[in-house]
Amino acid sequence: MKKGFSLIETLVAVTVLVGAITGPLTLASQGIKAASLFKNQLIASNLAQEGMELGRSRRDSNVLRAESWLTNLETVCLTACSVRYDPRDNSAAQVVFTSCPSGECPKFYITSEGFYVQKSIPDPGDQETIFTRTIQITNVNVREAKIMSRVTWQERFSQQSIVLEENLLNWP
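A short tour of the structure in this document, coming up.

The rules behind these values
- Residues numbered from 1 in each chain as written.
- Predicted model: local features only at pLDDT ≥ 70, side-chain atom pairs only at ≥ 80, totals over all residues.
- Heavy atoms only, no water.
- Helix = DSSP H or I, 4+ residues; strand = E, 2+ residues; numbered from the N terminus.
- Rg over C-alpha atoms; globule rule 2.2 N^0.38 Å.
- Buried < 20%, exposed > 50% of the residue type's maximum accessible area, 1.4 Å probe, protein only.
- Contact = heavy atoms within 4.5 Å.
- Areas by Shrake-Rupley, 256 points an atom, 1.4 Å probe, with all protein chains shown as cover.
- Lys, Arg positive; Asp, Glu negative; His and termini not counted.
- Charge placed at Lys NZ, Arg CZ, Asp CG, Glu CD.
- Core = buried A, V, L, I, M, F, W, Y, C linked by side-chain atoms within 4.5 Å.
- Expected span 1.5 Å × (residues − 1).

Assigned secondary structure in the protein chain consists of 1 helix and 7 strands. Relative to the globule expectation of 16 Å for 172 residues, the C-alpha radius of gyration of the protein chain, 25 Å, shows a markedly less compact shape. Residue burial in the protein chain is summarised as follows: out of 172 residues, 32% are buried. Long-range pairs, those at least 24 residues apart, make up 47% of the contacts in the protein chain between residues at least 6 apart in sequence. Roughly 10900 Å² of accessible area belongs to the protein chain as shown, and the carbon and sulfur atoms make up 60% of that amount. Taken together, the 17 basic and 17 acidic charged side chains of the protein chain have centroids lying 8 Å from each other.

This is the structure in structure tokens:
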């Protein structure tokens, strides 16, 4: 009898070895993809929630100033708008609702301090992100409006989005 491996034994050994290597690599790759998607969903959820809170805050400020409750929201955000808000500045004047031309709102940028700010023109040192937020206000009746905050981003080969909706009431 000859010593050594036959061709069939070699092929079986290589197949087992390839299976033993590709299994863990595939598992690790899927885990990295899932972690990336989860991170982006978490960021998008927070940005969408912030959009809702800024809409509520504008409604509250309008009421407290004895203005119409939807001032600067109803006309600007009828189709699509973005909110220019810089968390580094605490003044109410820094919350600016801007209409998005043809529904294309600007992207978010990460400032040098690590804040997410949605703006058309970045400051030097700002890092562009993959996230865009669109806010839309729809009148339900005289005392109620629906606010929708949508954050979209490109994830690998597909467009992802998170949408939050809530009804605002003219509460006084």
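Having seen the model, we can carry on.
Moving on, we get to the nonpolar core. Of all hydrophobic cores here, the largest spans 17 residues; its most connected members are Cys77 and Phe97. Put simply, the parts of the chain that give this core at least two residues each are helix H1 (7-64), strand E1 (81-84), strand E5 (127-141) and strand E6 (144-155). Here this core gets 3 residues from one element, more than from any other, and that element is H1. Excluding anything up to four places from it in sequence, phenylalanine 97 contacts Leu54, Gly55, Arg58, Asn72, Leu73, Val76, Cys77, Cys81, Ser82, Val83 and Ile135.

Another point: H1. Along its 58 residues, H1 runs 85 Å from first to last C-alpha, staying within 8% of the 86 Å computed at 1.5 Å per residue. Looking one or two places after H1, you find alanine 66, whose phi comes out positive at around 60 degrees.

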